Amino acid sequence: MTDNPAASDDFPSSSLNSRIVTTRPVAARIWNYWLGGRDYYEVDRKAGDEISRMHPSIHDYARADRLFLGRAVRHLAADVGIRQFLDIGAGLPTADNTHEVAQRIAPDARVVYVDNDPLVLVHARALLTSSPEGRTDHIDEDVRNVDSVLEHTARTLDLSRPVALMLLDVMAFVGDDEDPYGIVRRLMDALPTGSHLVLSHTITGPGWADVDAAAAWWNVHGTPRLKQRTPEAVTRFFDGLDLLEPGVVSCTRWRPESTGDETGEPEEVAMYCGVGAKRR
């Protein structure tokens, strides 16, 4: 079970406020800072600036991850016909959240957000908007608690119909001793044929020394702890699924949109991603 106990279903502010940590930087808030949001504390800004000093392109891969989300959701909604999305580790609301992208294409799309960061839950109402034809819900839960996530999700989504499972840089906060691959497999096993996994993950490897240094600094000063993985280890999350082209690549290189000035592949960032389809 998560160390961050769930609030009651209506997210009472007194309960959530007591859970907000202001003495250490927190991943959801620092990500919001890098994306140009305003839902963070001074401790997060200082940590974000320090990490930016160590790894100046961090802002680029924060943006690349968000743009990948948009492209993946658009593809699944427009080209595959997915109408249900389960976004775990949703983070603080910014521009082009999953339900906004999906419901522009399919107003009847249903989206369930899952997060257990208390500040995210304080702002949950911003994510609970929906088109009249669709529905959006938010669950206070941890990705590790698979049974609870699925039980609450089934109140909004029909788990007998295809679902897009969105795991955007959330598995990087699940350690190897917590069975990260088993968690993803159990989630996908509960979804029917035609479902898809959309996953991104912070990486490590040759040439990413500044990323490794920033991650090491974060694990001393921030919360929750970050586990980098190699591109090969990230690919393991898609075992048993059919990887869509171009496979597991830098977020900047997953089906980038044409700019009309093609001078080569976009520059790599230390955030890799992929989309896999459940065919059986």
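Attention here is on the structure that accompanies the text. (Residues numbered from 1 in each chain as written. Predicted model: local features only at pLDDT ≥ 70, side-chain atom pairs only at ≥ 80, totals over all residues. Heavy atoms only, no water.)

When helices and strands are counted, the protein shows 11 helices and eight strands. Contacts in the protein between residues at least 24 apart in sequence constitute 72% of all its contacts with a sequence separation of at least 6. Here the protein has roughly 12500 Å² of accessible surface; of this, 49% comes from carbon and sulfur atoms. (Helix = DSSP H or I, 4+ residues; strand = E, 2+ residues; numbered from the N terminus. Contact = heavy atoms within 4.5 Å. Areas by Shrake-Rupley, 256 points an atom, 1.4 Å probe, with all protein chains shown as cover.)

One finds Phe85, Leu167 and Met171 to be the most contacted residues of the largest nonpolar core, which totals 79 residues. Looking at this core element by element, the count peaks at 10 residues for helix 4 (residues 58–80). Leaving out residues up to four positions away in the same chain, phenylalanine 85 has contacts with Val73, Leu76, Ala77, Thr98, Ala102, Arg110, Val111, Val112, Leu157, Val163, Ala164 and Met166. Judged by nonpolar contacts, the second largest core, of five residues, contains Ile20, Ala28, Leu119 and Val120. (Core = buried A, V, L, I, M, F, W, Y, C linked by side-chain atoms within 4.5 Å. Buried < 20%, exposed > 50% of the residue type's maximum accessible area, 1.4 Å probe, protein only.)

Okay, unusual backbone geometry next. Following threonine 223, the chain continues to proline 224 via a peptide bond in cis, the omega torsion being -5°. Assignment of secondary structure puts proline 224 in the loop between helix 10 (209–221) and helix 11 (231–235). Residue proline 246 is reached from glutamate 245 by a cis peptide bond, and omega for that bond is 10°. Summarising the element assignment, proline 246 is placed in the loop between strand 6 (242–243) and strand 7 (249–250). Positive phi values are uncommon outside glycine, yet aspartate 179 reaches one of about 60°. The backbone of arginine 255 shows a phi angle near 45°, a positive value even though the residue is not glycine. Relative to the elements of secondary structure, arginine 255 occurs in the loop between strand 7 and strand 8 (271–277).

Turning next to the pairing of strand 2 (residues 110–115). Buried residues dominate strand 2, accounting for five of its six residues. Relative to strand 2, strand 1 (residues 84–88) runs parallel, the two being bridged by five bridges. What sits directly across from isoleucine 88, in strand 2, is valine 114. You can see the chain leave strand 1, run along helix 5 (residues 98–105) and come back into strand 2, and the turn it takes is right-handed. (Pairing = 2+ DSSP bridges. Right-handed = clockwise from strand over helix to strand, strands pointing away.)

Here we take up the packing of helix 3 (residues 42–54) against helix 10. Packing of helix 3 against helix 10 leaves a shortest axis separation of 9 Å and a crossing angle of 155°. Taken together, the axes of helix 3 and helix 10 are roughly antiparallel relative to one another. Crossing hand, helix 3 versus helix 10: right-handed. Counting all contacts with helix 3, which are made through Ala47, Glu50, Ile51 and Met54, the residues of helix 10 involved are Asp210, Ala213, Ala214, Trp217 and Trp218. Class assignment for the residues of the contact of helix 3 with helix 10 results in seven nonpolar, no polar and two charged. (Axes fitted to C-alpha atoms, helices over the stretch in contact; angles between N-to-C directions. Parallel < 35°, antiparallel > 145°, perpendicular 65-115°, else oblique. Left-handed = near helix turned anticlockwise from the far one by under 90°. Nonpolar A, V, L, I, M, F, W, Y, C, P; charged D, E, K, R; others polar.)

Turning to the pattern of salt bridges, a few remarks are in order. For side chains of opposite charge, pairing can occur when their charged atoms come near one another. Using the criterion set out here, one finds 16 salt bridges in the structure. Note that glutamate 257 and arginine 74 form a salt bridge whose closest N and O atoms lie 2.6 Å from each other. Here glutamate 257, found in the loop between strand 7 and strand 8, pairs with arginine 74, found in helix 4; they are 183 residues apart in sequence, far enough to count as distant. Relative accessible area serves as the criterion here: at 52%, glutamate 257 is assigned to the exposed category. For arginine 74, a relative accessible area of 30% gives the class partly exposed. Salt-bridge contacts for arginine 253 lead to glutamate 268; the nearest nitrogen and oxygen are separated by 4.0 Å. (Salt bridge = Lys/Arg side-chain N within 4 Å of Asp/Glu carboxyl O.)

Helix 2 (residues 27–34) sits mainly inside the fold: eight of its eight residues count as buried. All buried positions along helix 2 are accounted for by Ala27, Ala28, Arg29, Ile30, Trp31, Asn32, Tyr33 and Trp34. Buried residues in helix 2 make contact with helix 3, helix 4, helix 6 (118–122), helix 10 and strand 8. Two residues or fewer past helix 2, glycine 36 is found with a positive phi of approximately 90°.

This part covers helix 4. If you check helix 4, its first and last C-alpha atoms are 32 Å apart, about what 23 residues at 1.5 Å a residue would give, namely 33 Å. Immediately beyond the C-terminal end of helix 4, within one or two residues, lies glycine 81, with a positive phi of roughly 90°. (Expected span 1.5 Å × (residues − 1).)

The subject of this paragraph is the packing of aromatic side chains. A full pass over the atoms with the stated rule returns three aromatic pairs. Residues phenylalanine 68 and tryptophan 254 carry aromatic rings whose centres are separated by 5.4 Å and whose planes lie at 80° to one another, so their mutual orientation is edge-to-face. Of this pair, phenylalanine 68 sits in helix 4 while tryptophan 254 sits in the loop between strand 7 and strand 8, and the two are 186 residues apart along the sequence. Considered together, phenylalanine 68 and tryptophan 254 belong to a single accessibility category, that of buried residues. Ring centres of tyrosine 181 and phenylalanine 237 lie 4.4 Å apart, and the angle between their planes is 35°; on these two criteria the pair is classed as tilted. One end of the pair, tyrosine 181, is in helix 9 (residues 180–189); the other, phenylalanine 237, is in the loop between helix 11 and strand 6, and 56 residues separate them in sequence. (Phe/Tyr/Trp six-rings, centres within 6.5 Å; stacked < 30°, edge-to-face > 60°.)

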